[in-house]
Amino acid sequence: MSTPNTEQVLAELTRVLEARKQNADPKSSYVASLHAKGLNKILEKVGEECTETLLAAKDAERNGDNQHLIMETADLWFHSLVMLSHLGENADAVLNELARRFDLSGHAEKAARNNQT
């Protein structure tokens, strides 16, 4: 199996998430059911997946096997994309923000954010 193209995967996932958000029956689509339950339920899932990812990272460090970590990270990314979709955004917005930060010191970027609040 060849390595998937990251842009293609994100573009297809964005397309599917938007289609499910707009057209799918919440009784038959997990994504549609999350949207129907609202932002708080989506945020609950993001938090749950975040915790599971952290625990998987600790396990991976201990046992040297990253497979569970990769699976949990995929779940975290997926639910984060559902959250963005619910709020009218998608992966492109995040990728654009990451691209903006190239050649910018992480310390400088964080300081600039702190000065905005």
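Residues numbered from 1 in each chain as written. Predicted model: local features only at pLDDT ≥ 70, side-chain atom pairs only at ≥ 80, totals over all residues. Heavy atoms only, no water.

## Here's the deal with the overall build of the chain
So, point 1. In terms of regular secondary structure, the chain is built from six helices and zero strands.
So, point 2. N-terminal to C-terminal, the α/β element order of the chain is α-α-α-α-α-α.
So, point 3. Considering only C-alpha atoms, the chain reaches an extent of 45 × 40 × 35 Å along its principal axes.
So, point 4. Of the contacts formed within the chain by residues at least 6 apart in sequence, a portion of 55% connects residues at least 24 apart.
So, point 5. Entry remark: accessible area of the chain is about 8,600 Å², with carbon and sulfur atoms responsible for 55%. (Helix = DSSP H or I, 4+ residues; strand = E, 2+ residues; numbered from the N terminus. Contact = heavy atoms within 4.5 Å. Areas by Shrake-Rupley, 256 points an atom, 1.4 Å probe, with all protein chains shown as cover.)

## A word on the environment of Gly-38
So, point 1. Tracing the backbone shows Gly-38 in the loop between α2 (30-37) and α3 (39-63).
So, point 2. Taking C-alpha positions, Gly-38 is 9.6 Å from Met-83, a pair spaced 45 residues apart along the chain.

## Brief notes about the nonpolar core
So, point 1. Leu-10, Leu-17, Val-31, Leu-34, Ile-42, Leu-81, Val-82, Leu-84 and Ala-91 together form the largest nonpolar core, which totals nine residues.
So, point 2. Taken together, the elements giving at least two residues each to this core come down to α1 (6-23), α2 and α4 (67-86).
So, point 3. Counting residues per element, this core draws most heavily on α4, at three residues.
So, point 4. Once residues within four sequence positions are removed from consideration, Ala-91 is found in contact with Leu-10, Thr-14 and Leu-81. (Core = buried A, V, L, I, M, F, W, Y, C linked by side-chain atoms within 4.5 Å. Buried < 20%, exposed > 50% of the residue type's maximum accessible area, 1.4 Å probe, protein only.)

## Examining a nonpolar patch on the surface
So, point 1. A contiguous nonpolar patch, built from Val-94, Leu-95 and Leu-98 and spanning about 230 Å² of accessible area, is present on the exposed surface.
So, point 2. Tracing the chain through its elements places Leu-95 in helix α5 (residues 91-100). (Patch = residues over 30% accessible without salt bridge, like charges linked within 9 Å, V, L, I, M, F, W, Y side chains within 5 Å. Salt bridge = Lys/Arg side-chain N within 4 Å of Asp/Glu carboxyl O.)

## Focus on the side chain of Ser-85
So, point 1. Counting through the fold element by element, Ser-85 comes out in helix α4.
So, point 2. Taking the relative accessible area as the measure of exposure, Ser-85 reaches 4% and is therefore buried.
So, point 3. Non-local contacts of Ser-85, meaning those with residues more than four positions away in its chain, are made with Leu-17, Glu-18, Lys-21 and His-35.

## Concerning the packing of α1 against α4
So, point 1. Their axes nearest at 10 Å, the elements α1 and α4 cross at an angle of 55 degrees. Here α1 lies oblique to α4, going by the angle between them. Between α1 and α4 lies a crossing whose hand is right-handed. Residues Leu-10, Leu-13, Leu-17, Glu-18 and Lys-21 of α1 pack against Phe-78, Leu-81, Val-82, Ser-85 and His-86 of α4.
So, point 2. Of the residues in the contact of α1 with α4, the class split is six nonpolar, two polar and two charged. (Axes fitted to C-alpha atoms, helices over the stretch in contact; angles between N-to-C directions. Parallel < 35°, antiparallel > 145°, perpendicular 65-115°, else oblique. Left-handed = near helix turned anticlockwise from the far one by under 90°. Nonpolar A, V, L, I, M, F, W, Y, C, P; charged D, E, K, R; others polar.)

## Focus on the pattern of salt bridges
So, point 1. Enumeration according to the criterion identifies seven salt bridges in this entry.
So, point 2. Residues Glu-44 and Lys-41 are paired through a salt bridge, measuring 3.1 Å at the closest nitrogen-oxygen approach. Placement of the pair is Glu-44 and Lys-41 together in helix α3, with a separation of three residues, close to one helical turn.
So, point 3. Under the relative-accessibility criterion, Glu-44 is labelled partly exposed at 46%.

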